[in-house]
Structures are given as C-alpha cells and as structure tokens.
Amino acid sequence: MKIVMRIGQLLPVDGYFVRLQEALPENFLQSLTHLYQPLIGPEALMLYQTLINEVPLQEESTPQTHHTLMNYLMLPLDQIYEARRKLEAIGLLRTYKKQDDGMTIYTYDLQSPYDPNSFFEDAMFSSLLYHYIGSQKFDRLKDFFTVEVQPEVGENITADFQEVFQTTETASLVQVAAGEEVMVEEDGTVDFEWLEHMLKQRMIPVHRILTKDNRKLITQMLVLYDLESFEIDKAIIWSLTEENHLDREEFKQACHDIYRAKNDNKPIRLIPKTETSINQQTDKKPLTREELLIQELETISPKQLLEDLSSGNFASEQDMKLISDVMTTQGLPAPVMNVLIHYVLLQTNMKLSRAYIEKIASHWSRAKLKTAKEAMNFAKQERANYEKAKARRKGGYQKVASKDIIPDWYKAGKHKEKPKESQSIDMNEEQRKVAQLLKQFSEGN
C-alpha cells in the first residue's frame, strides 16, 4: 500500500533548506543501518543520508530544489515524498513549510537517531525491530550494542507516527476504544482516567501501575498493536506481579498475544496509510440519518450512549459492569457494543437484560463484527430472517423486506414515552444532538 500524493502536494521546483542542530551519535550510521533501516526501508535511509551530506554544501540564501533530490536519489518525487514522511513518522525529521516571494520553501530539520542503547530502551522501537528481524538477529544486535556510547522557518507540518503508519490493514484513522470512556483521543494519546477508574474498581494501587514510564509504554503498545481499551486493561491485569507492580516484559508479551489472537497470527508490519483514504475519512460528510447514526455509534462510548438514551442521567454501576463483562468476555469493539445496547434496549422496554444481551453478544462475537455498520446490517438481516420464519410457521406470506434503510428494530421504540423537557435540561449540546438523533431514528421520522 503506497502513499498517494495529492496533485500539487510537492513539486520539483519547490525549494528546501536542511538544518542539523545537534551532534549525531558516534555510531549513528550503525544505528541507521541495523536498527532503523529494517523499519523504514532503504529509500528513506538514503534520503536521510543525502540530506545530512547537503548541510555543509548548501548556500544560506539560495534553496535547493526538489529536482536536485530526484537526480541525486534517482527516484520519482512521489517516492521521495513517501520516504520523507517515513522519516518524520519515525522521529528522524521535522518538516516546516512557508511561502517566500511566491515560492514554496521547505526546511528539513534533521533529528539525531537514537544511539543503540537508547533504541533498545524504547519499548515501541525495540518491539518493532524484534518483529521485523526475529529473535535470533535481535538478540545478536542487542548483545553487540551493549557497550555504552558517548553521547524562523514556518509552520511545523511534520507527520507523526499514526498519520503515516498503521499495523493492521483494518486499523481506522481515529481509534475508538471500548469501555466507559473514549480511551484514545484523536491525537493518539491515552485517556488514563478510564484506566485509573478500572484499577480502583479492582482495589489495585494506581500509583504503582501508571507511573510515567508505564504510561509511555501503555501508549506505545496501544498504538503499535491497534488495541482497544478493554484489551489494554486485560493485558495490564495479566501482567501484574504479586506486589501489584506492572511487569513490563509480561505486558508487552500480553499485548502481542492479544494482537496475534485477533489477527490470525499475521506478522506485524508498518503499513503506510494512503492520503486518499485519510482525506475521504476526514472530508466525507454523512448524507442520511442512518449514516449520521453510524458515525455517532462509531465514535461514542457505551457509557455516553447509555447516558444519552436516559436523557443525560448517569449510567448505573450495574449497567456499566454488565457492559464491561460482555465486552471483555466476547471481545466486542465499542461500536458493535453500542449497536447491541441500542438494539436490546428497544427490544426490552429500555431495560438491559443480562441473559438476553449475553446471548446476542455471543452470536455477534462469532460473526466477527467490527464496525457499527456491520452490526446494524447483521441485526437487520437477523430480524428479516426471524420475520420470514415466523410467516412460514403461520402458513402464509408476510412481506418483511423494505426499501427503507431504517431497520425494523429501530422502530420498536416508537411507542416509548417521550422525555419531558425538564428531564433533559442538564444535558449538554452533544448529548442533546445524539439523543435526538437516536430518538428520530428509532421512531422512523
């Protein structure tokens, strides 16, 4: 999968300057060749080395053009652009862009690579290298590098890791986690308040688990393996010592085991995200009520959904425990769980029946549903099959198919008593929007 450049994203006539503001480690070439190259490939490494060697040759007031790089590297501009973004994502380059007298000028701010010791101490980079080169080569390199080694440009447009890479073919641009709160924000950070809450529920000392170093490790493993919050929570519990400390190696192994289980033992790889797919996910606006509802169910947490459906009242501890248990045992992603919650509430007069929800969750888990849209289509098909079977038992024919995109089970709540205005007075604007959308969709208006 290659990064597809938009027309005009980078032109051969665009100028560039190169800066190197810090000394490189003594053995930086060994780090680049043996540690970074397996992750980013030879073209990105060649671009980095070319830019380094241009620093002493460039003129202060006259930028080079990207046509020069094309000649040096013997690569087309789209491959140079892809290599640049890989360097940005891996932390070897910061890119700045400005306009100067009608010319686009880039400043490439080269970053020093990790020295080997620092590289192996970084949980994410060392784990990636392990997956790429295997245990035997990894151990040899680690043993070899055990000796300690001496140690105004425009808008920052440097791409970060999550903008360029994903580790699974189906990883979405914005990761949404399961559980009480949204675990991963759009900037790729982890909502540790959710983890603190889950640890406190189990009477586990938070200060021992969520240390500064462990928070970094948790964030890296979540991004690396594209995990959801209930999976991170499970990995933490598996990795606790008898003294309730986090065994970091056990935690990394637990995250890897979860990844392998959900991805059929596929090897982990850095998959460049296509800019076209990113733009489509960012720019496309839903056109129908169903698309609007799917968008909400993909991004909202189960806790927020329950509160929206109850006019902003807090979700009960009992309901949240039920949802957490089901998600943990059946491994349902948050969007699928949201559809299941709404389906069950409409079928059971707004009550969460444990037996009923566990029965359906087990069925949906076996169907390997991953998104809200898949869950909605699956529920509609199951409902249609049920109605057909019911009609056959009666010995007659009953029309069950409809061109209407609204599933029958969403109309089941039409008779529900509408919330009084006083019930929603404390709801914020987002809650009102979601609650109204769910209400309209349920009633088929």
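Let me begin by describing the structure that accompanies this report. What you see is a predicted model; the values in this text were computed from it and never measured.

**Description of the sheet that holds strand S2 (residues 64–65)**
Across the sheet, five strands lie side by side as S2-S1-S4-S3-S5; this open sheet has mixed pairing. Of all the strands in the sheet, the pair left with one neighbour each is S2 and strand S5 (155–156). Note that strand S3 (residues 93–100) and S5 share two bridges and pair antiparallel. Among the inter-strand pairings, Lys97 is bridged to a residue of S5, identified as Glu155. Against the sheet, helix H4 (residues 77–89) contacts S3 and strand S4 (103–110), and its axis sits at roughly 125° relative to S3.

**A short note on the pattern of salt bridges**
Across all of its chains, the model carries eight salt bridges by this definition. The partner of Glu82 in a salt bridge is Lys86, and the shortest N-O contact between them spans 3.7 Å. Here the residue Glu82 and the residue Lys86 both occupy positions in helix H4, the gap between them amounting to four residues, near one helical turn. Here the two residues Glu82 and Lys86 agree in accessibility, since each one is buried. Notably, a salt bridge pairs Glu196 with Arg215, separated by 3.2 Å at the nearest N-O pair. Here the residue Glu196 occupies a position in helix H8 (residues 192–201), and Arg215 occupies one in helix H10 (residues 212–225), the gap between them amounting to 19 residues. Looking at Arg215, the relative accessible area reads 28%, which means it is partly exposed.

Parameters at a glance
- Residues numbered from 1 in each chain as written.
- Predicted model: local features only at pLDDT ≥ 70, side-chain atom pairs only at ≥ 80, totals over all residues.
- Heavy atoms only, no water.
- Pairing = 2+ DSSP bridges.
- Helix = DSSP H or I, 4+ residues; strand = E, 2+ residues; numbered from the N terminus.
- Contact = heavy atoms within 4.5 Å.
- Axes fitted to C-alpha atoms, helices over the stretch in contact; angles between N-to-C directions.
- Salt bridge = Lys/Arg side-chain N within 4 Å of Asp/Glu carboxyl O.
- Buried < 20%, exposed > 50% of the residue type's maximum accessible area, 1.4 Å probe, protein only.

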